[in-house]
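In case you want the letters, here they are:
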Amino acid sequence: KQVVSTQSTWGDMNRRHKMTMSQVTNVVFVLCILSVGSYAQHHNNWAVLVCTSRFWYNYRHVANTLSLYHSVKRLGIPDSQIILMLAEDVACNARNSFPGVVFNDASHQLNLYGENVEVDYRGDEVTVENFLRVLTGRHAPEVPRSKRLLTDEKSNIFVYLTGHGGDEFLKFQDHEEVSSHDLADAFAQMHTQKRYHEIFFAADTCQAATLYNQFYSPNILAVGCSLKGENSYSHHSDREIGVAVIDRFTYFTLNFLEKVDPSSRASVASLFRTYNPNELMSHPGVRADLFHRQVHESLVTDFLGSAIHVTVSNDSYVLPPDDE
C-alpha cells in the first residue's frame, strides 16, 4: 500500500509553483468522515465469510461463500477487512472439470476463483477454534494481522456461515461442530471487548434460524434461511461439473445484491422481503429484538458496503508560517 507524506506533497507543490507555505493563508479542506448510517457511531465495515464444508460434493458451499466475497468487495469492503475461510479447495480438486475455476451458475459467466481472491484460512485451518479466535481476537502471537479481525467499537461486521447444520449447530469439516451457545458466547466476548458496533449475522444451512436462538448481546441482527426442522436446498446443478453449484438462499441474496451499488439506499428489510418461501423451499427466520435500530431504516450497505463518505466543508484554516 502506498503511503503519501503530507509534508512531501506540500513541498512538491511549493517547488512547482515557486511559493512558500507562508504565502498560503487559507485552504478549503475536504473532510473524509468514515461512517455509514450513523456518522458519529460507525466508521468501518468488516466481513467474516465462512464455508465450513469439505469434500467435492459440497462445491456449492464454497461457491456460496465466494459469491458473497465478490459482492462485498464490489460494494467497497477491501480485502484487508475481509476474513475468508474455505474448508475445501474445490478449484484444485482433481474432479474439477475446470481446474482453478469455481462457478456459481451453469452459464459459467463468472470465475469466482479468479485473480485477486485472498483466502485467509483454507483446508484444515478452518476449525471451530480458529473461527472463534477470529471473532474474539484471542490469537497466538505469531498469527499475522491479515488473519485477524481488527475491529473496534466503531465497526459493523457481516458474519456469513454456510455448510451442513442442524438444530442449534453447524458442522465444521464434517467432524466437529459450533453450537448456538458457542456463537452467543463469542459475540458476548466481542461486546465486552468493544469489538463491534453492530453485527449482521446470516446463515445458509439446514435449520439455520436455530443458530441465533441463544444470542443475547446487543446490536445483533440475524437471518437464517430455514426454521427448525427445515432444510436448506440447492438452487441448481451443473451437468458439466456434476454437482450443485449454489444454494437457494444465497442465490436469491445475490440477485438482490446485484441491484445494489455503494450509494444505494436499499434497506435490510427490503432484502428480507425478497425471500419467498416458495422459492427457497423453506421459511427464512429473522431475529431483530437485539438490534437497536429499525430494520427498515438500516441500509444493506451499513454492513456489506464501503464505510467512506465524503463531506465538503467551506470552513477555512490558516496555515502556520513556513520556518524554511
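Preceding block: the structure.
Here's what I pulled together on the structure shown here.

Each value, and the rule that gives it
Residues numbered from 1 in each chain as written. Predicted model: local features only at pLDDT ≥ 70, side-chain atom pairs only at ≥ 80, totals over all residues. Heavy atoms only, no water. Buried < 20%, exposed > 50% of the residue type's maximum accessible area, 1.4 Å probe, protein only. Helix = DSSP H or I, 4+ residues; strand = E, 2+ residues; numbered from the N terminus. Pairing = 2+ DSSP bridges. Contact = heavy atoms within 4.5 Å. Axes fitted to C-alpha atoms, helices over the stretch in contact; angles between N-to-C directions. Core = buried A, V, L, I, M, F, W, Y, C linked by side-chain atoms within 4.5 Å. Salt bridge = Lys/Arg side-chain N within 4 Å of Asp/Glu carboxyl O. Parallel < 35°, antiparallel > 145°, perpendicular 65-115°, else oblique. Left-handed = near helix turned anticlockwise from the far one by under 90°. Nonpolar A, V, L, I, M, F, W, Y, C, P; charged D, E, K, R; others polar. 1 Å grid on protein atoms, 1.4 Å probe; cavity = no way out; pocket = protein on both sides within 12 Å on 5 of 7 lines; lining within 4 Å. Points joined across faces, edges and corners; volume = space filled by probe spheres on them.

1. Quick word on the pairing of strand 10 (residues 220-224)
With respect to burial, strand 10 is a largely interior element, 5 of its 5 residues being buried. What you see with strand 10 is no split at all: I220, A222 and G224 on one side and L221 and V223 on the other are buried throughout. Judged from the 5 bridges that link them, strand 9 (residues 198-204) and strand 10 form a sheet pairing that is parallel. Bridging across to strand 10, I199 finds its partner in I220. Two elements, strand 10 and strand 13 (residues 285-287), share 3 bridges in a ladder whose sense is antiparallel. Across the sheet, the residue bridging to G224 is G285, located in strand 13.

2. Details of the sheet that holds strand 2 (residues 44-51)
Backbone-to-backbone hydrogen bonds join strands into a sheet, with any given pair of strands oriented parallel or antiparallel. Taken together, 7 strands build an open sheet; the order of strands is 4-3-2-5-9-10-13 and the sheet is mixed. One side of each edge strand has no neighbouring strand; the edge strands of this open sheet are strand 4 (121-122) and strand 13. Here strand 5 (residues 155-162) runs beside strand 9; their pairing, made up of 7 bridges, is parallel. Each bridged residue has a counterpart across the sheet, and for L161 the counterpart in strand 9 is A203. Here helix 2 (residues 59-74) sits on the sheet in contact with strand 2, strand 3 (82-86), strand 5 and strand 9, set at roughly 165° to strand 3. In the packing of helix 3 (residues 128-136) onto the sheet, the strands contacted are strand 2, strand 3, strand 4 and strand 5, and the crossing angle to strand 3 comes to about 175°.

3. Considering the nonpolar core
Judged by nonpolar contacts, the single largest core of 92 residues is most densely connected at Y59, F131, F158, F200, F201 and F215. With 7 residues, the single largest contributor to this core is helix 2. Residue contacts for F201: discarding those within four places in its chain leaves V159, L161, L183, F187, L211, F215, L221, A222 and V223.

4. Re the pattern of salt bridges
Counted according to the given criterion, the structure contains 11 salt bridges. Across the pair K73 and D79 runs a salt bridge whose closest N-O atoms are separated by 2.9 Å. Using a relative accessible area of 25% as the deciding quantity, one classes K73 as partly exposed. Under the relative-accessibility criterion, D79 is labelled buried at 15%. K147 is the partner of E125 in a salt bridge, and the nearest nitrogen-oxygen pair spans 2.7 Å. With E125 in the loop between strand 4 and helix 3 and K147 in the loop between helix 3 and strand 5, the pair connects residues that are 22 residues apart, well separated along the chain. Residue class for E125 comes out partly exposed when judged on its relative accessible area of 30%. Several salt bridges converge on common partners, so that one network encompasses E198, R293 and D302.

5. A short note on the sheet that holds strand 6 (residues 165-166)
As summarised here, the arrangement of the 3 strands in space is 6-7-8, forming an open sheet in which the pairing is antiparallel. On the outer flanks of this sheet lie strand 6 and strand 8 (176-179), each paired with one strand and no other. Pairing analysis gives 2 bridges linking strand 6 to strand 7 (residues 169-172), with the strands arranged antiparallel. Bridge pairing links G166 to F169 in strand 7. Contacts between helix 3 and the sheet are confined to strand 7 and strand 8, with strand 8 contributing the most and set at about 30° to the helix.

6. As for the packing of helix 2 against helix 5 (residues 248-257)
At their nearest, the axes of helix 2 and helix 5 sit 10 Å apart, and the two run at 15° to each other. Between helix 2 and helix 5, the interaxial angle falls into the category roughly parallel. Pair helix 2 / helix 5 crosses with left-handed handedness. Across the interface between the two elements, N64, S67, L68, S71 and R74 of helix 2 pack against T250, L254 and L257 of helix 5. The residue makeup of the contact of helix 2 with helix 5, split by class, is 3 nonpolar, 4 polar and 1 charged.

7. Points about empty space enclosed by the protein
Going through the model one piece at a time under the given rule, you end up with 2 cavities of 30 Å³ or more. Looking at the largest cavity, the residues that line it are L68, F158, Y160, F200, A202, F249, T253, L257, L271, Y275 and L304. Taken together, the elements giving at least two residues each to the lining of the largest cavity come down to strand 5, strand 9 and helix 5. Among the elements that take part in the lining of the largest cavity, helix 5 stands out by supplying 3 residues, more than any other. Its residues assigned to classes, the lining of the largest cavity shows 10 nonpolar, 1 polar and no charged.

This is a description of form; function is not addressed.
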